Amino acid sequence: MNTIQDNDERLSALLDGELTDPSAQRVIQQLVGDPDGRARFAEYCAVGDLLRGHHADLPGLTGKIMAALEEEPTVLAPVRRDGGRRPLLWLAAAACGILTWGLWGGAPRQENYAALASLRAPTDVAPFLAAHQDYAQAVLDVPEMQFTRISLSGETR
Amino acid sequence: MKAAPWLLLLCMANAQAAQTLPPAEAVAWLQKMADASRQLAYEGVFVVRQGDGMQTLSISNRPSTQGNESRLLSLDGNPREVRCSQTGAVTLVSDGSQVHTEKRLSNRHFPDLLPAYPRALLNWYEVRLGEMARVAGLDCRNVEIQPKDAFRWGYVLCAEKDSGLPLKAVMINGNKQPLMQYVFAEVKLGTGTQKLQSQAAPRVETPDPARPSDVVFARSLPPGYARVAAVRRHLPNMPGEVAHWVFSDGLTHISLFLAPSDKPAEPLKGVSPSGMVNLMRRQVGEFQATVLGDAPWVAVEAIAQGLEPRK
């Protein structure tokens, strides 16, 4: 288990550019003769692509991430764990987060900004509401309005 | 068993009532209601309901050789009168001992809600025939004007069975919930042809057309909307002039007000309790742009977000 963890850490460090040149060459040479290691490295690359948004051509990625998650032991009682890195788990969690965010972000929304706070009616709005009555249908009183401050995306306030 | 053919006919009639009318038939219904509102002599009292508010007004309409003249008078709340003719429309508001007169940009009012040539509405609305009803003691046919997209509200008008005069109008949202209703409490059709007795035409300031070198332009508008008015005008309790533009699809109207602003306007959203009136304010170049109308938020937002300073 420790060996696998060490290998995973090395692969993750290689992908993140955290290894020195000699260490990186050593890991790459090990990968040449290690089909399992190459497969895991390919998964790391795929997750990296996903995080960068290049996930359109990654068949079976979700299945692989779920399989990786299933391999994690079920924790029945909280146990203090060592500080060892679990790169695949973190990447999988991040990938799930990205997917969820992407799904929410892709759904049609009526507004692309958030109401920040309710406001009292601005004093200079009433004349505009009254003037619009020229085109509204009757001689109605100016309607009461509820106002909220909004934040426009991509606009300097 | 003998009742079966009648039941079948009844079912067919009901099914037909719910179906969208063919264009020619739809135009005929819309045109009949539009013409009746202008060309028919009538007087009566109608009630306006909007949210929890209610207002009662009297109305007189007289056809004339130069078009029609109509006069609306509020019967409760602040005394207010609207006079409309071919030469324009004015609002007279009584404030204690004084009467303020303002020029109106439009003479649109209930029951005269449809444009004079309503054919183009069929690009954005579907027309369906509804049930027969009875309003102010008169029989009428419900005519549903349903929007084809989310950029406009719909209407249900109840057209008097012979003349086609709308006796009732209900503005509805996408879920067919009423936003505003006008209903005649009493109405007399064909009541005289003498001209409305009016005071001397009040002297009012005519708004100036907005200069063509507009400092702001609408890069994009919701489908079917076009700018139908652009004037510069003084508004009560506001210093200086503002530009007032109106965008419309023929039935829905959205106003844009452009006012010079020294400091950037805070982006703002406003909505009436029923959701019928929506407003959005934002800074566009050196101007504070306020877009508002009796229209869905997406339409108001689309116009506001499509404004850009002209460079």
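Definitions and limits used
- Residues numbered from 1 in each chain as written.
- Chains lettered and ligands numbered in written order.
- Predicted model: local features only at pLDDT ≥ 70, side-chain atom pairs only at ≥ 80, totals over all residues.
- Heavy atoms only, no water.
- Helix = DSSP H or I, 4+ residues; strand = E, 2+ residues; numbered from the N terminus.
- Buried < 20%, exposed > 50% of the residue type's maximum accessible area, 1.4 Å probe, protein only.
- Contact = heavy atoms within 4.5 Å.
- Buried area = accessible area lost by both parts, 1.4 Å probe.
- Salt bridge = Lys/Arg side-chain N within 4 Å of Asp/Glu carboxyl O.
- Polar contact = N/O pair within 3.5 Å; in protein donor to acceptor, adjacent residues only side chain to side chain.
- Nonpolar A, V, L, I, M, F, W, Y, C, P; charged D, E, K, R; others polar.
- Pairing = 2+ DSSP bridges.
- pLDDT = per-residue confidence, 0-100.
- Axes fitted to C-alpha atoms, helices over the stretch in contact; angles between N-to-C directions.
- Phe/Tyr/Trp six-rings, centres within 6.5 Å; stacked < 30°, edge-to-face > 60°.
- Expected span 1.5 Å × (residues − 1).
- Core = buried A, V, L, I, M, F, W, Y, C linked by side-chain atoms within 4.5 Å.

1. Some points on the environment of Gly270(B)
Okay, step 1: You can see Gly270(B) is positioned in strand 17 (residues 268–271).
Okay, step 2: The buried category is assigned to Gly270(B), whose relative accessible area is 0%.
Okay, step 3: Along the backbone, Gly270(B) and Arg281(B) are eleven residues apart, and their C-alpha atoms lie at a distance of 8.5 Å.
Okay, step 4: Each residue touching Gly270(B), except ones within four places of it in the same chain, is listed here: Met145(A), Gln146(A), Phe147(A), Val277(B), Asn278(B) and Leu279(B).

2. Points about the interface of chain A and chain B
Okay, step 1: Taken together, the contacts link 33 residues of chain A with 54 residues of chain B.
Okay, step 2: With both sides pooled, the region where chain A packs onto chain B buries about 3900 Å², and carbon together with sulfur makes up 58% of that total.
Okay, step 3: If you look at where chain A meets chain B, you find one salt bridge.
Okay, step 4: Measuring nitrogen to oxygen at the nearest pair gives 2.7 Å for the salt bridge that ties Arg149(A) to Glu266(B).
Okay, step 5: Across the chain A-chain B interface, the total number found is six residue pairs in polar contact (both at pLDDT 80 or more).
Okay, step 6: Going through the elements one at a time, helix 6 (126–132) and strand 2 (146–150) of chain A are the ones with two or more residues in the side of chain A that touches chain B.
Okay, step 7: Partitioned by chemical class, the residues of the side of chain A that touches chain B number 18 nonpolar, seven polar and eight charged.
Okay, step 8: Strand direction decides the pairing type here: strand 2 of chain A and strand 17 of chain B, joined by four bridges, are antiparallel.

3. Quick word on the confidence of the model for chain B
Okay, step 1: Chain-level statistics for chain B give a pLDDT mean of 85 and a share of 87% at 70 or above.
Okay, step 2: Predicted confidence is poor over residues 6–13 of chain B, with pLDDT under 50, and the contacts of this stretch with residues over four places away or in other chains come to zero contacts.

4. Focus on the sheet that holds strand 7 (residues 125–135) of chain B
Residue and element names in this part refer to chain B.
Okay, step 1: What the eleven strands build is an open sheet, ordered 6-5-4-3-2-1-11-10-9-8-7; its pairing is antiparallel. Of all the strands in the sheet, the pair left with one neighbour each is strand 6 (98–104) and strand 7. Adjacent strand axes in the sheet meet at a mean angle of 15 degrees when their direction is disregarded.
Okay, step 2: In this structure, strand 7 lies alongside strand 8 (residues 138–147), joined through nine bridges in antiparallel fashion.

5. Overview of the packing of aromatic side chains
How two aromatic rings sit relative to each other is set out by the distance from centre to centre and by the angle between their planes.
Residue and element names in this part refer to chain B.
Okay, step 1: Inspection of every chain in the model, using the stated rule, returns seven aromatic pairs over all chains.
Okay, step 2: Taking the centre distance of 5.0 Å and the plane angle of 5 degrees together, the rings of Phe110 and Tyr182 count as stacked. Placement of the pair is Phe110 in the loop between strand 6 and strand 7 and Tyr182 in strand 11 (residues 178–189), with a sequence separation of 72 residues. As far as burial versus exposure is concerned, Phe110 and Tyr182 are alike and both buried.
Okay, step 3: Clustering of aromatic rings is evident, with ring pairs tying together Phe46, Phe110, Tyr182 and Phe184.

6. A word on helix 3 (residues 297–305) of chain B
Residue and element names in this part refer to chain B.
Okay, step 1: A large share of helix 3 lies buried, amounting to seven of its nine residues.
Okay, step 2: Taken together, the buried positions of helix 3 are occupied by Trp297, Val298, Ala299, Val300, Glu301, Ile303 and Ala304.
Okay, step 3: Tucked inside the fold, the buried residues of helix 3 contact strand 15 (241–248), strand 16 (253–260), strand 17, strand 18 (278–284), strand 19 (287–293) and strand 20 (307–309).

7. What to know about the pairing of strand 5 (residues 88–95) of chain B
Residues and elements named next belong to chain B.
Okay, step 1: Taken together, the six bridges between strand 4 (residues 80–85) and strand 5 define a ladder with antiparallel strand orientation. Bridge pairing in strand 5 places Val82 opposite Thr91.
Okay, step 2: Counting the residues that bridge the hairpin from strand 4 to strand 5 gives two residues.
Okay, step 3: Two strands pair when backbone bridges link them, and strand 5 and strand 6 are joined in this way by seven bridges, in the antiparallel orientation. Bridge pairing in strand 6 places Val90 opposite Lys103.

8. Some points on helix 2 (residues 23–39) of chain B
Okay, step 1: Helix length check: helix 2 of chain B, at 17 residues, gives a terminal C-alpha distance of 23 Å against a target of 24 Å (1.5 Å per residue), a fit within 8%.
Okay, step 2: If you check which residues of helix 2 of chain B are buried, you get Ala26(B), Val27(B), Leu30(B), Met33(B), Ala34(B), Ala36(B) and Ser37(B).

9. Digging into the nonpolar core
All names here are of chain B.
Okay, step 1: Formed by 59 residues in total, the largest nonpolar core has its most connected members in Leu30, Phe46, Leu114, Ile145, Leu157, Tyr182 and Phe184.
Okay, step 2: Ranked by the residues each element gives to this core, the list is headed by helix 2, at six residues.
Okay, step 3: When residues no more than four places from it in sequence are discounted, the contact partners of Leu114 are Leu30, Met33, Ala34, Arg38, Leu121, Ile145, Leu157 and Leu251.
Okay, step 4: Counting residues in hydrophobic clusters, the runner-up holds 23 residues, among them Trp245, Val291, Ala299 and Val300.

10. What to know about the environment of Arg232(B)
Residue and element names in this part refer to chain B.
Okay, step 1: Positionally, Arg232 belongs in strand 14 (residues 226–234).
Okay, step 2: Between the alpha carbons of Arg232 and Leu258 there is a distance of 9.3 Å; along the sequence they are 26 residues apart.
Okay, step 3: There is a polar contact of 3.1 Å between the side chain of Arg232 and the side chain of Glu241.

11. Description of the pattern of salt bridges
Residues and elements named next belong to chain B.
Okay, step 1: Evaluated as defined, the whole model comprises eleven salt bridges over all chains.
Okay, step 2: Put simply, Asp112 and Arg38 hold a salt bridge, and the shortest N to O gap is 3.2 Å. With a gap of 74 residues between them, Asp112 in the loop between strand 6 and strand 7 and Arg38 in helix 2 connect regions that are remote in the sequence.
Okay, step 3: Asp112 gets classed as buried once you look at its relative accessible area, which sits at 7%.
Okay, step 4: With a shortest N-O distance of 2.9 Å, Arg152 and Asp249 are connected by a salt bridge. Placement of Arg152 in the loop between strand 8 and strand 9 (154–160) and of Asp249 in the loop between strand 15 and strand 16 is noted, with a sequence separation of 97 residues between them. Neither Arg152 nor Asp249 differs from the other in exposure class; each is buried.
Okay, step 5: Residues participating in the shared-partner salt-bridge network are Arg71, Glu81 and Arg83.

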